[in-house]
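Residues per chain are reported as follows:
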Amino acid sequence: MTTTADALRSVLIETLELSQSPDELTDGTALFGSLPELDSFGVVALIAAIEDRFDITIEDDEFGAELFETVGTLTAYVDGKLG
């Protein structure tokens, strides 16, 4: 069974066209401000891909730089939405 973290790593790699493998993206991997691919357009594409993959809605007032701080913070958020 695929965990939220595994699925999210795949979404990150596919959406942002990252060269990293899923194993290289740990919970502590910094995202916003560290990945050049995660610019304003990247954030919009990533939000849409996460919403589609996990069948959740991310409201405008729910996301900010802290949400995209690390793979772990993003995973925790998605897990919370899946509740």
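Please read these numbers as outputs of a predicted model, since none were measured by experiment.

Judged by nonpolar contacts, the single largest core of 25 residues is most densely connected at Leu 12, Leu 38, Leu 46, Ile 50, Phe 68 and Leu 74. Breaking this core down by element, the ones donating at least two residues are helix H1 (4-16), helix H2 (40-54) and helix H3 (71-82). Leave out the neighbours within four places in its chain, and Leu 74 touches Leu 8, Leu 12, Leu 31, Leu 46, Ile 50, Leu 67 and Phe 68.

Let us now look at the confidence of the model for the protein. With 98% of its residues at a pLDDT of 70 or more, the protein shows a mean pLDDT of 92. H2 is the least confidently modelled element of the protein, averaging 94 in pLDDT, while H1 averages 96, the highest of any element.

This next bit is on the side chain of Arg 9. Mapped onto the elements of the fold, Arg 9 is located in helix H1. Exposure remark for Arg 9: the relative accessible area of 15% places this residue in the buried category. Within polar-contact distance, the side chain of Arg 9 engages the side chain of Asp 6 at 3.2 Å. Discounting chain neighbours no more than four positions away, the residues touching Arg 9 are Pro 22, Leu 25, Asp 27 and Val 71.

What counts and what doesn't
Residues numbered from 1 in each chain as written. Predicted model: local features only at pLDDT ≥ 70, side-chain atom pairs only at ≥ 80, totals over all residues. Heavy atoms only, no water. Core = buried A, V, L, I, M, F, W, Y, C linked by side-chain atoms within 4.5 Å. Buried < 20%, exposed > 50% of the residue type's maximum accessible area, 1.4 Å probe, protein only. Helix = DSSP H or I, 4+ residues; strand = E, 2+ residues; numbered from the N terminus. Contact = heavy atoms within 4.5 Å. pLDDT = per-residue confidence, 0-100. Polar contact = N/O pair within 3.5 Å; in protein donor to acceptor, adjacent residues only side chain to side chain.

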